[in-house]
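# Secondary and tertiary structure notes
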Amino acid sequence: DAIKHIMQEQKIRPEEIEEIVLKGDPNLLMPIRMHKEVKNFADTQFTNSYICAVAVYCGDRPGPDWQLPGTFNRPEIKALMCKVKIEAHPQAAELLATRIKAGQSTAFWNSGVEITARGQRFMVEVDDPKGSLANPMTDAELAEKFRNNASYSLLSSSRVEEIIAMVNKLEQLEDITALTRLLTVR
């Protein structure tokens, strides 16, 4: 969210980026998340520098293509990964303590992103990313995300629309078999 915001707001071109600093959950500093080489589908989900780099190039439309070899092997994404630094959010302990005292989830959503480009530093803080409880996706956004994800499957676009319509009326559905049939490709 923060990278997309900075890129759009400041009209930064990827090749102008000198550095990206992500400040977030201290768990981001775990070795499994800190390596700089993406070899497979799992690496695309857990490699911080890759997630930041691909957000720069593809952040306006996240989707399954982020996890394809044709994306993670792009030279410009690999080059940008080398410019990404990950740090613990400077207020991590305080923010987590506040959530615990308030009886809230200990999921750490706060993150800050600093992008240095054109000799300037641009910063954005995100407390609740899109999709979190405090910042939920709308039904229209969820439907669009499903359409995009399903476009990588064998489901026809008409079937995708049937699935969306059925999910929107899930509470009235008497037999879930009708939905599972739509999700099955023969």
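Anything mentioned here points back to the structure above.
This one's a predicted model, so the numbers in the text were calculated from it and none came from an experiment.

A positive phi angle, near 50°, is found at K11, a position not held by glycine. With respect to the secondary-structure elements, K11 resides in the loop between helix 1 (2-10) and strand 1 (17-24). Residues other than glycine seldom take positive phi values, yet R118 does so here, at roughly 55°. With respect to the helices and strands, the residue R118 is situated in the loop between strand 3 (111-117) and strand 4 (120-126). Residue class for R118 comes out partly exposed when judged on its relative accessible area of 37%.

With that settled, the discussion passes to a nonpolar patch on the surface. On the surface, M30, I32 and F46 cluster together to form a nonpolar patch covering roughly 270 Å² of accessible area. Relative to the assigned elements, I32 resides in helix 2 (residues 31-34).

With respect to the secondary-structure elements, R99 resides in helix 7 (residues 92-101). In this structure R99 is buried but unpaired, with D128 as the nearest side chain of opposite charge at 4.8 Å. Discounting residues that sit within four places of it in the chain, R99 has contacts with Q104, S105, A107 and W109.

In this structure, I3, I12, I17, I20, V113 and I115 are the most contacted members of the largest nonpolar core, which totals 30 residues. Mapped by element, the contributors of at least two residues to this core are helix 1, strand 1, helix 4 (48-58), helix 6 (75-81), strand 2 (84-88), strand 3 and strand 4. Leave out the neighbours within four places in its chain, and I115 touches I3, I6, M7, I12, I17, E19, I20, Q120, R121 and F122.

Quick look at the environment of R33 now. With respect to the element layout, R33 can be found in helix 2. Expressed as a C-alpha distance, the spacing of R33 and Q45, which sit twelve residues apart in the sequence, is 8.9 Å.

Attention now goes to the environment of R13. Relative to the helices and strands, R13 is located in the loop between helix 1 and strand 1. Separated by 47 residues in sequence, R13 and D60 place their C-alpha atoms 13 Å apart. Engagement of the side chain of R13 in a polar contact is seen with the side chain of E15, the distance being 2.9 Å.

Our focus in this paragraph is the packing of helix 8 (residues 139-150) against helix 9 (residues 157-168). Viewed as axis vectors pointing N to C, helix 8 and helix 9 meet at an angle of 145°, and their least axial separation amounts to 10 Å. Crossing handedness for the pair helix 8 and helix 9: right-handed. Contacts from A143, F146, R147 and A150 in helix 8 reach V160, E161, I163 and I164 in helix 9. Its residues placed into classes, the contact of helix 8 with helix 9 shows six nonpolar, no polar and two charged.

Glancing now at the sheet that holds strand 3. Strand order in the open sheet formed by four strands is 2-1-3-4, with mixed pairing between adjacent strands. Since the sheet does not close on itself, it has two edges, and those belong to strand 2 and strand 4, each with one partner. On average, adjacent strands in this sheet sit at an angle of 15° to one another, irrespective of strand direction. Against the sheet, helix 1 engages strand 1, strand 3 and strand 4, with an angle of about 135° to strand 4.

The rules behind these values
Residues numbered from 1 in each chain as written. Predicted model: local features only at pLDDT ≥ 70, side-chain atom pairs only at ≥ 80, totals over all residues. Heavy atoms only, no water. Helix = DSSP H or I, 4+ residues; strand = E, 2+ residues; numbered from the N terminus. Buried < 20%, exposed > 50% of the residue type's maximum accessible area, 1.4 Å probe, protein only. Patch = residues over 30% accessible without salt bridge, like charges linked within 9 Å, V, L, I, M, F, W, Y side chains within 5 Å. Areas by Shrake-Rupley, 256 points an atom, 1.4 Å probe, with all protein chains shown as cover. Salt bridge = Lys/Arg side-chain N within 4 Å of Asp/Glu carboxyl O. Lys, Arg positive; Asp, Glu negative; His and termini not counted. Contact = heavy atoms within 4.5 Å. Core = buried A, V, L, I, M, F, W, Y, C linked by side-chain atoms within 4.5 Å. Polar contact = N/O pair within 3.5 Å; in protein donor to acceptor, adjacent residues only side chain to side chain. Axes fitted to C-alpha atoms, helices over the stretch in contact; angles between N-to-C directions. Left-handed = near helix turned anticlockwise from the far one by under 90°. Nonpolar A, V, L, I, M, F, W, Y, C, P; charged D, E, K, R; others polar. Pairing = 2+ DSSP bridges.

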